[in-house]
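Examining the three-dimensional arrangement
Take a look at the letters that make up each chain.
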Amino acid sequence: MDLSIVVPSYNEEESLPQLLEWIERVVTAHGFTHEVIIVDDGSSDGSWEVIESLAERYNGIVRGVRFRRNYGKSAALNVGFQRAQGEVVITMDADMQDSPDEIPELVRMIREDKYDVVSGWKKVRHDPLSKTLPSKLFNATTRKISGIKLHDFNCGLKAYKSEVIKTIEVYGEMHRYIPLLAKEAGFKRIGEKVVTHYERKYGVSKFGIERTIKGFLDLLSVSFMAKFGKRPMHLFGALGTLMFAFGFMAALWLGAKKLWYVYHGWSMVLLTDTPHFYISLTCMLLGTQLFLAGFLAELVTRNSPERNKYLIKKEI
């Protein structure tokens, strides 16, 4: 099969029939063998009934998955990825703000240009300033931390080699960082394509300002897991050792200074009456705690069933 199109959906009953007609028109014109997997993320409207009618209308093409409750976009994508059978996998939102007309070029970039991931870039957005301004800040921060030069990490319109989505696992709110997850899994050919962004025709946006806060927290989480997930001692142990060494050297200097003053018969305030003593003591305690945290995390990691899980590309 050439193509799998994964569409996470939440309360989009009005847009789904038109979106499917648009998709079918485009992929049929280009002769792709394809499937469309719609994941209903616990919708409270009539979305599932619409999906059932679409599955009957496009028999053998449309597949539907329904969650018992709303789990989020990452869960919907992960379930769709598990069921995708196409050589190239396209993701797009169900609100018709992503254009299926972009699909042929995305497929070409995966097949001919040999990209592992191609991310859409909504260069011209039809969203209010309350969404575009935090998005720009979020994308700039993500570019800096991840080292991936994409303008729009959160664009729902993306294309993947099948091998990519079968290797990575999307969970929590990590759908924003699929390019970063792919990079850490060894898929480093990540491209970008300017895509058309349409105004929302039906319903309202399902995301608020809280997604920006969650986005930054998730970025820290995925960055930490990528670098130190299997070697936590390298982070906590190093920080703990440095902090303990700083506190110990400070305490040693205070002690030597006290002895020097006593030796010469000079007067000096009690060490316990100076803030430097407590600062050095606090550093030593924090350093010990960080070192122990790293040690315990290392023990947990070494007993993990995935401690020796490596991604093998080819074997002869």
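None of these values were measured; they are calculated from a predicted model. (Residues numbered from 1 in each chain as written. Predicted model: local features only at pLDDT ≥ 70, side-chain atom pairs only at ≥ 80, totals over all residues. Heavy atoms only, no water.)

Within this structure, the stated rule accounts for ten salt bridges. The salt bridge involving Glu35 is made with Arg63; its shortest N-O contact spans 3.1 Å. Remark: Arg63 occurs in strand S3 (residues 62–66) and Glu35 occurs in strand S2 (residues 34–40); sequence separation between them is 28 residues. Residue classification places Glu35 among the buried residues on the basis of a relative accessible area of 2%. Note that Asp113 is salt-bridged to Arg108, the shortest N-O span being 3.0 Å. Note on Arg108: relative accessible area 29%, which makes it partly exposed. (Salt bridge = Lys/Arg side-chain N within 4 Å of Asp/Glu carboxyl O. Helix = DSSP H or I, 4+ residues; strand = E, 2+ residues; numbered from the N terminus. Buried < 20%, exposed > 50% of the residue type's maximum accessible area, 1.4 Å probe, protein only.)

Across the sheet, which stays open at both edges, the seven strands sit in the order S3-S2-S1-S4-S6-S5-S7 with mixed pairing between neighbours. Two strands lie at the open edges of the sheet, namely S3 and strand S7 (190–194), each paired on one side alone. On average, each strand axis in the sheet is inclined to that of its neighbour by 20 degrees, with strand direction left out of account. Bridge count for S2 against S3 is five bridges, and the pairing is parallel. The partner of Asp40 across the bridge, within S3, is Arg66. Where helix H1 (residues 16–29) meets the sheet, its contacts fall on strand S1 (3–9), S2 and S3, and the angle it forms with S2 comes to roughly 160 degrees. Here helix H2 (residues 47–57) sits on the sheet in contact with S2 and S3, set at roughly 155 degrees to S3. (Pairing = 2+ DSSP bridges. Axes fitted to C-alpha atoms, helices over the stretch in contact; angles between N-to-C directions. Contact = heavy atoms within 4.5 Å.)

Attention now moves to the pairing of strand S4 (residues 88–91). Burial along S4 is two-sided: the residues Val88 and Ile90 and Val89 and Thr91 are all buried. Direction of pairing for S1 relative to S4: parallel, over a ladder of four bridges. The partner of Ser4 across the bridge, within S4, is Val89.

All right, on to the packing of aromatic side chains then. One pass over the full model with this rule turns up six aromatic pairs. Look at Phe277 and Tyr278: their rings are 5.2 Å apart centre to centre, the planes differ by 80 degrees, and that puts the pair in the edge-to-face class. We classify Tyr278 as partly exposed; its relative accessible area is 43%. The cationic tip of Arg189 hangs over the ring face of Tyr115; the distance from NZ or CZ to the ring centre is 5.0 Å. (Phe/Tyr/Trp six-rings, centres within 6.5 Å; stacked < 30°, edge-to-face > 60°. Lys NZ or Arg CZ within 6 Å of the ring centre and 35° of its normal.)

Attention shifts here to H1. Its 14 residues give H1 an end-to-end C-alpha distance of 20 Å, which sits within 8% of 20 Å, the value for a rise of 1.5 Å per residue. For H1, the set of buried residues is Leu16, Leu19, Leu20, Trp22, Ile23, Glu24, Val26 and Val27. Turning to H1, the residues buried within the fold contact S1, S2, H2, S3 and helix H4 (103–111). Looking one or two places after H1, you find Gly31, whose phi comes out positive at around 70 degrees. (Expected span 1.5 Å × (residues − 1).)

It should be kept in mind that the predicted coordinates are not to be read in detail where pLDDT is low. For the chain, per-residue confidence averages 85 on the pLDDT scale, and 85% of positions sit at 70 or higher. Per-element confidence in the chain is highest for S4, whose mean pLDDT is 97, and lowest for helix H8 (residues 210–228), whose mean pLDDT is 66. (pLDDT = per-residue confidence, 0-100.)

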